[in-house]
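A structural walkthrough
Next come the chains, spelled out residue by residue.
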Amino acid sequence: MLALLPKQLIRISALDDNYIWLLHNPSSQSLAVIDPGDPEPVLAWLDAHNRTPTEIINTHHHGDHINGNAALMARFNIPLTAPASESARISNITHAVKAGDRISIADYTAEVIATPGHTSGHVAFYLPDCLGTHGIAFVGDTLFALGCGRVFEGSMQEMWESLKTLRALPDDTLIACGHEYTANNARYVKHLGWNPPALAARLAEIDALTQKGEATLPVRLGDEKATNPFLNADDADLASALNCTGTPIEVFTQLRQGKDQF
Ligand SMILES: [Zn+2]
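Residues numbered from 1 in each chain as written. Predicted model: local features only at pLDDT ≥ 70, side-chain atom pairs only at ≥ 80, totals over all residues. Heavy atoms only, no water.

1. Some remarks on the sheet that holds strand E9 (residues 123-127)
Condition: Here, a strand pair is defined by DSSP locating no fewer than two bridges between the strands. Secondary structure elements are defined from DSSP: runs of H or I of at least 4 residues count as helices, runs of E of at least 2 residues count as strands, and each element is numbered from the N terminus.
The strand order E7-E8-E9-E10-E13-E14 describes an open sheet built from 6 strands, whose pairing is mixed. Edge positions in the sheet fall to strand E7 (102-105) and strand E14 (219-220), since each has one partner strand and no second. When strand E13 (residues 174-177) meets E14, the two strands line up antiparallel, connected through 2 bridges. What sits directly across from Leu174, in E14, is Arg220.

2. Some thoughts on the packing of helix H1 (residues 39-49) against helix H3 (residues 69-76)
For the record, the criterion: Only the stretch in contact is used when a helix axis is fitted, and all axes are lines through C-alpha atoms; the angle between N-to-C directions ranges over 0 to 180 degrees. By convention the crossing between two helices is left-handed if the near helix lies anticlockwise of the far one by an angle smaller than a right angle, and right-handed if it lies clockwise. A contact between two residues is defined here by any heavy atoms of the two lying within 4.5 Å. Gly counts as polar in this scheme, as do all residues outside two lists: the nonpolar Ala, Val, Leu, Ile, Met, Phe, Trp, Tyr, Cys and Pro, and the charged Asp, Glu, Lys and Arg.
At a minimum axis separation of 9 Å, H1 and H3 run at an interaxial angle of 35°. Two packed elements cross with a definite hand, and for H1 against H3 that hand is right-handed. The segment H1 lies against H3, with Pro39, Val42, Leu43, Leu46 and Asp47 engaging Ala71, Leu72, Arg75 and Phe76. Class assignment of the residues belonging to the contact of H1 with H3 gives a composition of 7 nonpolar, no polar and 2 charged.

3. Considering the coordination of the zinc ion
To keep it simple, the criterion reads: The donor definition counts N, O and S atoms within 2.8 Å of each metal and applies 3.2 Å to Na, K and Ca; water is not among these atoms, so some sites may look incomplete. Tetrahedral means four donors with every angle between 85 and 135 degrees, whereas square planar (four donors) and octahedral (six donors) require angles over 155 degrees between opposite donors and between 65 and 115 for all others; sites fitting neither are termed irregular. With a 1.4 Å probe rolled over the protein chains alone, any residue whose accessible area is under 20% of its type maximum counts as buried; one over 50% counts as exposed, and the rest are partly exposed.
At the metal site, the zinc ion is ligated by His60 (NE2), His62 (ND1), His118 (NE2) and Asp141 (OD), and these contacts range over 2.2 to 2.3 Å. Every donor counted, the 4 donor atoms about the zinc ion form angles of 88 to 168° at the centre, which fits irregular coordination. Sequence spacing of the donor residues for the zinc ion, all on one chain, is H-x1-H-x55-H-x22-D. Taken together, the positions of His62 in the loop between strand E4 (55-57) and helix H2 (63-66) and His118 in the loop between strand E8 (108-114) and E9 put the pair 56 residues apart, joining distant regions of the chain. No difference in accessibility class separates His62 from His118, as the two residues are buried.

Shown next, in the form of C-alpha coordinates:
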(Lines give C-alpha, C1' and ligand atoms only; values in the text may rest on other atoms or scores of the structure.)
Protein backbone atom coordinates (compact mmCIF):
# COMPACT_ATOMS: atom_id res chain seq x y z
CA MET A 1 0.00 0.00 0.00
CA LEU A 2 1.31 3.41 -0.94
CA ALA A 3 1.39 6.78 0.75
CA LEU A 4 1.28 5.60 4.35
CA LEU A 5 1.50 8.71 6.43
CA PRO A 6 1.67 8.05 10.18
CA LYS A 7 0.55 10.83 12.50
CA GLN A 8 4.13 11.52 13.67
CA LEU A 9 5.19 12.40 10.12
CA ILE A 10 4.18 15.58 8.33
CA ARG A 11 4.88 16.03 4.63
CA ILE A 12 5.22 19.58 3.30
CA SER A 13 5.46 20.27 -0.43
CA ALA A 14 8.08 22.85 -1.36
CA LEU A 15 9.70 24.36 -4.44
CA ASP A 16 8.90 22.43 -7.64
CA ASP A 17 8.78 18.86 -6.39
CA ASN A 18 10.58 18.76 -3.01
CA TYR A 19 9.20 17.37 0.20
CA ILE A 20 10.22 18.81 3.55
CA TRP A 21 9.48 16.32 6.33
CA LEU A 22 8.53 17.11 9.90
CA LEU A 23 8.84 14.43 12.55
CA HIS A 24 6.78 14.93 15.68
CA ASN A 25 7.21 13.14 18.98
CA PRO A 26 3.88 13.21 20.84
CA SER A 27 5.53 12.23 24.14
CA SER A 28 8.05 15.05 24.29
CA GLN A 29 6.44 17.47 21.80
CA SER A 30 9.76 17.63 19.94
CA LEU A 31 9.43 18.52 16.28
CA ALA A 32 12.28 18.00 13.83
CA VAL A 33 12.39 19.62 10.39
CA ILE A 34 14.21 17.51 7.82
CA ASP A 35 15.80 19.17 4.76
CA PRO A 36 14.05 22.54 4.72
CA GLY A 37 14.86 23.75 1.22
CA ASP A 38 12.51 26.71 1.62
CA PRO A 39 11.47 28.29 4.94
CA GLU A 40 8.12 29.67 3.75
CA PRO A 41 5.96 26.53 3.59
CA VAL A 42 7.45 25.33 6.90
CA LEU A 43 6.68 28.64 8.61
CA ALA A 44 3.17 28.58 7.13
CA TRP A 45 2.57 25.10 8.55
CA LEU A 46 4.03 26.01 11.96
CA ASP A 47 1.89 29.14 12.17
CA ALA A 48 -1.24 27.31 11.07
CA HIS A 49 -0.70 24.62 13.70
CA ASN A 50 0.73 26.89 16.40
CA ARG A 51 3.86 24.76 16.68
CA THR A 52 7.55 25.45 17.30
CA PRO A 53 10.29 23.30 15.77
CA THR A 54 13.00 21.97 18.06
CA GLU A 55 15.73 21.05 15.54
CA ILE A 56 16.75 20.92 11.89
CA ILE A 57 18.27 17.90 10.15
CA ASN A 58 20.07 17.94 6.78
CA THR A 59 20.97 14.93 4.62
CA HIS A 60 23.23 16.76 2.16
CA HIS A 61 24.34 20.18 1.03
CA HIS A 62 22.09 20.94 -1.96
CA GLY A 63 20.24 24.23 -1.72
CA ASP A 64 16.82 22.66 -2.17
CA HIS A 65 17.47 20.81 1.11
CA ILE A 66 19.22 23.50 3.21
CA ASN A 67 18.14 26.97 2.04
CA GLY A 68 15.54 27.21 4.80
CA ASN A 69 18.04 26.51 7.59
CA ALA A 70 19.06 30.11 8.25
CA ALA A 71 15.56 31.57 8.50
CA LEU A 72 14.33 28.80 10.79
CA MET A 73 17.44 28.98 13.00
CA ALA A 74 17.16 32.77 13.24
CA ARG A 75 13.50 32.72 14.22
CA PHE A 76 13.53 29.77 16.62
CA ASN A 77 17.17 29.56 17.80
CA ILE A 78 17.28 25.80 17.17
CA PRO A 79 20.20 23.42 16.51
CA LEU A 80 21.19 22.05 13.12
CA THR A 81 22.31 18.44 12.72
CA ALA A 82 24.10 17.71 9.44
CA PRO A 83 26.84 15.43 8.12
CA ALA A 84 30.37 16.42 9.12
CA SER A 85 31.37 15.27 5.65
CA GLU A 86 29.38 18.19 4.18
CA SER A 87 30.40 20.78 6.79
CA ALA A 88 32.38 22.84 4.28
CA ARG A 89 29.17 23.33 2.31
CA ILE A 90 26.50 23.66 5.03
CA SER A 91 26.70 26.74 7.25
CA ASN A 92 26.03 26.92 10.99
CA ILE A 93 26.03 23.20 11.79
CA THR A 94 25.72 22.77 15.56
CA HIS A 95 25.78 18.94 15.60
CA ALA A 96 28.12 17.45 12.97
CA VAL A 97 27.46 13.72 12.63
CA LYS A 98 29.15 10.86 10.86
CA ALA A 99 28.26 7.36 9.73
CA GLY A 100 27.75 4.99 12.63
CA ASP A 101 26.73 7.70 15.08
CA ARG A 102 23.63 7.05 17.17
CA ILE A 103 21.90 10.33 17.73
CA SER A 104 18.52 11.66 18.77
CA ILE A 105 16.00 13.14 16.32
CA ALA A 106 12.84 14.49 17.94
CA ASP A 107 13.86 12.39 20.96
CA TYR A 108 13.82 9.18 18.92
CA THR A 109 16.98 7.12 18.48
CA ALA A 110 18.46 7.54 15.00
CA GLU A 111 21.37 5.88 13.23
CA VAL A 112 23.48 7.86 10.80
CA ILE A 113 24.13 5.88 7.61
CA ALA A 114 26.69 6.92 4.98
CA THR A 115 25.01 7.10 1.57
CA PRO A 116 27.55 8.74 -0.77
CA GLY A 117 26.89 9.00 -4.48
CA HIS A 118 24.43 11.85 -5.04
CA THR A 119 26.86 14.00 -3.07
CA SER A 120 30.12 12.79 -1.59
CA GLY A 121 29.05 13.37 2.01
CA HIS A 122 25.36 12.42 1.80
CA VAL A 123 23.91 10.59 4.82
CA ALA A 124 20.58 8.98 5.65
CA PHE A 125 18.95 8.86 9.08
CA TYR A 126 17.32 5.61 10.18
CA LEU A 127 15.00 5.66 13.18
CA PRO A 128 14.30 1.99 13.93
CA ASP A 129 11.37 2.27 16.27
CA CYS A 130 9.83 5.72 16.22
CA LEU A 131 6.57 4.52 14.65
CA GLY A 132 5.95 1.68 17.07
CA THR A 133 5.98 -1.42 14.93
CA HIS A 134 8.43 -0.19 12.32
CA GLY A 135 10.99 2.46 11.56
CA ILE A 136 11.48 5.30 9.19
CA ALA A 137 14.44 6.37 7.09
CA PHE A 138 15.03 9.91 5.88
CA VAL A 139 17.06 9.21 2.76
CA GLY A 140 17.33 12.65 1.11
CA ASP A 141 18.19 12.21 -2.57
CA THR A 142 19.65 8.69 -2.38
CA LEU A 143 16.58 6.49 -2.84
CA PHE A 144 13.31 7.54 -4.48
CA ALA A 145 10.11 5.63 -5.14
CA LEU A 146 11.03 3.46 -8.15
CA GLY A 147 14.22 5.47 -8.60
CA CYS A 148 17.44 6.79 -7.10
CA GLY A 149 19.26 10.10 -7.01
CA ARG A 150 21.52 11.29 -9.77
CA VAL A 151 25.15 10.45 -9.17
CA PHE A 152 26.68 13.94 -9.09
CA GLU A 153 29.76 13.59 -6.90
CA GLY A 154 30.39 9.97 -6.05
CA SER A 155 30.98 6.97 -8.26
CA MET A 156 28.39 4.55 -9.59
CA GLN A 157 29.87 1.93 -7.29
CA GLU A 158 29.43 4.20 -4.25
CA MET A 159 25.79 4.84 -5.12
CA TRP A 160 25.10 1.14 -5.62
CA GLU A 161 26.72 0.36 -2.27
CA SER A 162 24.66 3.10 -0.61
CA LEU A 163 21.46 1.64 -2.07
CA LYS A 164 22.44 -1.85 -0.91
CA THR A 165 22.93 -0.47 2.61
CA LEU A 166 19.42 0.98 2.55
CA ARG A 167 18.09 -2.24 1.04
CA ALA A 168 19.34 -4.12 4.10
CA LEU A 169 16.89 -2.27 6.37
CA PRO A 170 13.65 -4.08 7.34
CA ASP A 171 10.85 -4.31 4.77
CA ASP A 172 8.42 -2.34 6.92
CA THR A 173 10.70 0.70 7.11
CA LEU A 174 8.99 3.81 5.75
CA ILE A 175 11.12 5.68 3.27
CA ALA A 176 10.84 9.48 3.29
CA CYS A 177 12.60 10.87 0.21
CA GLY A 178 13.37 14.40 -0.87
CA HIS A 179 11.38 14.58 -4.11
CA GLU A 180 8.13 13.52 -5.74
CA TYR A 181 9.69 11.93 -8.84
CA THR A 182 7.55 8.81 -8.78
CA ALA A 183 5.45 9.30 -11.92
CA ASN A 184 8.53 9.98 -14.03
CA ASN A 185 10.38 7.06 -12.47
CA ALA A 186 7.40 4.82 -13.20
CA ARG A 187 7.55 5.75 -16.89
CA TYR A 188 11.21 4.76 -16.97
CA VAL A 189 10.58 1.45 -15.21
CA LYS A 190 7.78 0.58 -17.65
CA HIS A 191 10.11 1.09 -20.55
CA LEU A 192 12.77 -1.29 -19.21
CA GLY A 193 10.87 -4.48 -19.99
CA TRP A 194 11.56 -5.84 -16.50
CA ASN A 195 8.51 -7.40 -14.93
CA PRO A 196 8.96 -8.63 -11.36
CA PRO A 197 5.74 -10.07 -9.89
CA ALA A 198 4.76 -7.04 -7.81
CA LEU A 199 5.42 -4.38 -10.44
CA ALA A 200 2.14 -4.24 -12.38
CA ALA A 201 0.03 -3.70 -9.26
CA ARG A 202 2.47 -1.10 -7.95
CA LEU A 203 2.43 0.84 -11.22
CA ALA A 204 -1.38 0.77 -11.19
CA GLU A 205 -1.43 2.20 -7.65
CA ILE A 206 1.03 4.93 -8.62
CA ASP A 207 -0.93 5.81 -11.76
CA ALA A 208 -4.12 6.10 -9.70
CA LEU A 209 -2.48 8.43 -7.14
CA THR A 210 -0.79 10.49 -9.86
CA GLN A 211 -4.05 10.95 -11.76
CA LYS A 212 -5.66 12.26 -8.58
CA GLY A 213 -2.70 14.60 -8.01
CA GLU A 214 -1.90 12.90 -4.72
CA ALA A 215 1.51 12.36 -3.13
CA THR A 216 3.05 8.90 -3.51
CA LEU A 217 5.40 9.24 -0.53
CA PRO A 218 6.41 7.92 1.90
CA VAL A 219 6.80 4.38 0.61
CA ARG A 220 7.36 1.06 2.31
CA LEU A 221 10.88 -0.25 1.73
CA GLY A 222 9.60 -3.77 1.05
CA ASP A 223 7.66 -2.42 -1.95
CA GLU A 224 10.83 -0.75 -3.23
CA LYS A 225 12.85 -3.93 -2.83
CA ALA A 226 10.26 -5.74 -4.94
CA THR A 227 9.87 -3.15 -7.71
CA ASN A 228 12.64 -0.54 -7.79
CA PRO A 229 15.19 -1.50 -10.46
CA PHE A 230 17.92 0.56 -8.79
CA LEU A 231 17.67 -1.74 -5.75
CA ASN A 232 17.86 -4.77 -8.04
CA ALA A 233 21.00 -4.27 -10.10
CA ASP A 234 22.06 -7.75 -8.94
CA ASP A 235 18.81 -9.35 -10.19
CA ALA A 236 19.42 -11.72 -13.11
CA ASP A 237 16.05 -10.96 -14.71
CA LEU A 238 16.79 -7.24 -14.72
CA ALA A 239 20.25 -7.78 -16.23
CA SER A 240 18.62 -9.91 -18.89
CA ALA A 241 15.96 -7.28 -19.64
CA LEU A 242 18.75 -4.72 -20.06
CA ASN A 243 20.79 -7.11 -22.19
CA CYS A 244 23.68 -6.57 -19.78
CA THR A 245 26.01 -9.45 -19.01
CA GLY A 246 28.25 -7.47 -16.67
CA THR A 247 28.55 -7.08 -12.92
CA PRO A 248 25.81 -5.50 -10.76
CA ILE A 249 27.78 -2.24 -10.87
CA GLU A 250 27.69 -2.34 -14.66
CA VAL A 251 23.95 -3.06 -14.58
CA PHE A 252 23.47 -0.18 -12.16
CA THR A 253 25.56 2.14 -14.33
CA GLN A 254 23.53 1.25 -17.41
CA LEU A 255 20.30 1.83 -15.48
CA ARG A 256 21.40 5.18 -14.05
CA GLN A 257 22.83 6.47 -17.35
CA GLY A 258 19.70 5.32 -19.13
CA LYS A 259 17.58 7.30 -16.70
CA ASP A 260 19.79 10.38 -17.08
CA GLN A 261 19.00 10.36 -20.81
CA PHE A 262 15.37 9.23 -20.54
ZN1 LIG B 1 20.25 16.78 -3.86
